Amino acid sequence: MKIAVLPGDGIGPEIVAEAVKVLERIAADGFDFTFEFAPVGGAAYAQTGHPLPDSTLRLARDADAVLFGAVGDWKYDQLERALRPEQAILGLRKNLGLFANLRPAILYPELAGASSLKPEVVSGLDILIVRELTGDIYFGQPRGRRRSPDGAFAGEQEAFDTMRYTRPEIERIAHVAFKAARGRGKRLTSVDKANVLETFQFWKDVVTEVHAEYPDVELDHMYVDNAAMQLVRAPKRFDVVVTGNMFGDILSDEAAMLTGSIGMLPSASLNEKGQGLYEPSHGSAPDIAGQGIANPLATILSAAMMLRHSLGLPEQAQRIEAAVQTALAQGLRTADIHAPGTEKVGTARMGDAVVAALG
Ligand code: NAD
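Since this is a predicted model, take the numbers as computed values, not measurements. (Residues numbered from 1 in each chain as written. Predicted model: local features only at pLDDT ≥ 70, side-chain atom pairs only at ≥ 80, totals over all residues. Heavy atoms only, no water.)

Colleague: Hey, could you run me through the overall build of the protein chain in this one?
Modeller: Along the backbone of the protein chain there are 12 helices and 14 strands. Relative to the compact-globule value of 21 Å for 359 residues, the protein chain shows a C-alpha radius of gyration of 21 Å, a close match. By principal-axis analysis of the C-alpha atoms, the protein chain measures approximately 65 × 50 × 40 Å. Counting over 359 residues, the protein chain shows a buried share of 52%. Relative to all contacts within the protein chain whose residues are 6 or more apart in sequence, the contacts with residues 24 or more apart total 75%. Split by element, the accessible area of the protein chain, about 15,600 Å² in all, is 52% carbon and sulfur. Distance between charge centroids for the protein chain: 1 Å, based on 36 positive and 46 negative side chains. (Helix = DSSP H or I, 4+ residues; strand = E, 2+ residues; numbered from the N terminus. Rg over C-alpha atoms; globule rule 2.2 N^0.38 Å. Buried < 20%, exposed > 50% of the residue type's maximum accessible area, 1.4 Å probe, protein only. Contact = heavy atoms within 4.5 Å. Areas by Shrake-Rupley, 256 points an atom, 1.4 Å probe, with all protein chains shown as cover. Lys, Arg positive; Asp, Glu negative; His and termini not counted. Charge placed at Lys NZ, Arg CZ, Asp CG, Glu CD.)

Okay, structure coming up:
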């Protein structure tokens, strides 16, 4: 199983090193993982003049899965947009056809105090947001600026975007979500705005049709405004949530913050072949890069998702998740999740603790 490892910028190399350590420990139990490293983002720009060199893209395409750190650094903010580090992630999504973004929001009981919500509201939270990643108003054409052709403000400057989804795009993300729900609590909430938007009435109709293939999964529909409210009122009512690109962008960040700690949240972006890119939900944190204090757990948990979703090793994924919980139960905390009564540790020590907990 070939894993492309793209550490990137800022804390990327530090946190990815810990995830690789954990995967090497799993490999030692008889799994054949090959790691191939390549530069991406600002690191690639510095070496080659482009944030996503052809050789990196080829490696990612040929691999069974991609383990990605983070990209971005303030020193590249003056570059023209096409050369900025963040373009690498968009290029990878587009070239690999990564249309399904999976973001679990799990609150470990040990971290219940870190949430901005009351512990009884979030304790035991375990939800999965499935966001469509390549369609919707973010990519719909036409878009642009012009003089308004009609209406009360005809002749004035205006800007416009186009919200659209085709049937196959909705069907394939619905299948991903139903399958994910089938492997968990068997409940799926499809989030839309069918009361106002034609695109999302169609979304709702198609998701309802796909449901016929998953009679064992309970489906409900919710308007996005209500979903935003329910996520803070009673987040544990959700199991798996599926939604479009824009609503998913917003709701997945909202769900992420319920857990109170950006350093804990993994993510996966999958294509139709089951290939995936696995990365922490946070960025490159240039403010703490090189200090050995970043939390590596989101990246380690992303590696666990990789074993589950691309490499067909769900038991090994569970082993890693349990090992993370053990490290937390031992009272070890990186600075971002540190609280009185726990032991503050650095990036490498946290990685070592997860490896040790794997036995
Ligand atoms: P960020 O997520 O990098 O950092 C936000 C805050 O969270 C910072 O204070 C940082 O120190 C902290 N933080 C993040 N990850 C942490 C970890 N693992 N452990 C401890 N603390 C952590 O967001 P930002 O500061 O807005 O962006 C920094 C750079 O990252 C920018 O260049 C941005 O474009 C880029 N970015 C990249 C990605 C990606 O690679 N997918 C995603 C978001 C932002």
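Colleague: What is the right way to look at the packing of helix 8 (residues 224-233) against helix 9 (residues 245-258) in this model?
Modeller: Each pair of packed helices can be summarised by the angle the axes make with each other and by the distance between the axes. Between helix 8 and helix 9, whose axes approach to 10 Å, the crossing angle comes to 10°. In terms of orientation, helix 8 and helix 9 fall into the roughly parallel class. From helix 8, Val224, Ala227, Ala228, Leu231 and Val232 reach across to helix 9, where they touch Phe247, Leu251, Glu254, Ala255 and Leu258. Of the residues in the contact of helix 8 with helix 9, the class split is 9 nonpolar, no polar and 1 charged. (Axes fitted to C-alpha atoms, helices over the stretch in contact; angles between N-to-C directions. Parallel < 35°, antiparallel > 145°, perpendicular 65-115°, else oblique. Nonpolar A, V, L, I, M, F, W, Y, C, P; charged D, E, K, R; others polar.)

Purely spatial values, then, with no claim about function.
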